[in-house]
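Fold and geometry: a report
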Amino acid sequence: MAAYMIVFCKITDRERFVADYAIPTAKLVAKMGGEYVVRAPSLTCVEGDMDEKTSVVISKWPSREALDAMWNSEEYEKLKALRRATSEAQIVVTEDPS
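Let me sum up the structure you'll find in this document. (Residues numbered from 1 in each chain as written. Predicted model: local features only at pLDDT ≥ 70, side-chain atom pairs only at ≥ 80, totals over all residues. Heavy atoms only, no water.)

Some remarks on the overall build of the chain
We apply this condition: The helix and strand labels rest on DSSP assignments: H or I over at least four residues marks a helix, E over at least two residues marks a strand, and numbering proceeds from the N terminus. Between the two quantities, the radius of gyration covers C-alpha atoms and the globule rule is 2.2 Å times the number of residues to the power 0.38. Buried means the residue's accessible area, taken with a 1.4 Å probe over protein chains only, is under 20% of the maximum for its type, while exposed means over 50%, and partly exposed covers the values in between. Computed with a 1.4 Å probe, the accessible areas rest on the Shrake-Rupley method; for each residue, only the protein chains presented here act as cover. Two residue types count as positive, namely Lys and Arg, and two as negative, namely Asp and Glu; His and chain ends fall outside the count. Working definition for charges: the position is that of NZ of Lys, CZ of Arg, CG of Asp or CD of Glu.
Counting its regular elements, the chain contains three helices and four strands. Shown N-terminal to C-terminal, the secondary structure of the chain runs as helices and strands in the order β-α-β-β-α-α-β. Its C-alpha radius of gyration of 13 Å places the chain within 12% of the 13 Å reference for a compact globule of 98 residues. In terms of principal-axis extent, the alpha carbons of the chain reach across some 30 × 30 × 15 Å. Residue burial in the chain is summarised as follows: out of 98 residues, 31% are buried. Accessible surface, the chain as shown: approximately 6,200 Å² in total, 52% of it carbon and sulfur. Separation of charge centres in the chain, based on 13 positive and 16 negative side chains, amounts to 5 Å.

As for the packing of helix H1 (residues 14-31) against helix H3 (residues 74-86)
The cut-off we apply is this: Only C-alpha atoms enter the line fits that serve as axes; for helices the fit covers just the stretch in contact. Angles between N-to-C directions range over 0 to 180 degrees. Should an angle fall under 35 degrees it is called roughly parallel, over 145 degrees roughly antiparallel, and 65 to 115 degrees roughly perpendicular, with every other angle called oblique. Should the near helix be turned anticlockwise from the far one by less than a right angle, the crossing is termed left-handed; should it be turned clockwise, right-handed. Note on definitions: a residue-residue contact is assigned when non-hydrogen atoms from the two residues lie within 4.5 Å. Residues are grouped as follows: Ala, Val, Leu, Ile, Met, Phe, Trp, Tyr, Cys and Pro are nonpolar; Asp, Glu, Lys and Arg are charged; every other residue, Gly included, is polar.
Two numbers describe how H1 lies on H3: the axes approach to 9 Å, and their chain directions differ by 150°. The orientation of H1 relative to H3 falls into the category roughly antiparallel. For H1 against H3, the interelement crossing comes out left-handed. Contacts between H1 and H3 involve Arg-16, Phe-17, Asp-20, Tyr-21, Pro-24, Thr-25, Leu-28 and Lys-31 on the former and, on the latter, Glu-75, Tyr-76, Leu-79, Leu-82, Arg-83, Ala-85 and Thr-86. Residues belonging to the contact of H1 with H3 are distributed by class as follows: eight nonpolar, two polar and five charged.

Don't take any of this as a statement about function, it's just geometry.
Put into structure tokens, the structure is as follows:
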């Protein structure tokens with residue numbers, strides 16, 4: 001069953017975020033079996049309260065286990081610290097039951 005990670009991210013230091021987090025994370029996602037479905041620097045909020053400068057990233061994984069392996073890897077632990085230093089994120093995971 002496919003799994004998806006959906007990230008809403010308010011970036012506070014875009015230059016450092018891209019160089020130190022986004023580029024190495026993209027390489028790790030590919031290496032660990034994930035693929036990006038959406039990587040957008042902003043969104044349009046049609047209902048609710050979300051800053052329209054929020055970036056959105058959706059990645060697709062072959063399984064929840066594959067996603068968890070990346071999330072819990074030593075390599076990503078280092079990247080999480082860089083993300084937290086340069087942004088504020090809300091991250092959710094869901095699975096496609098079909």
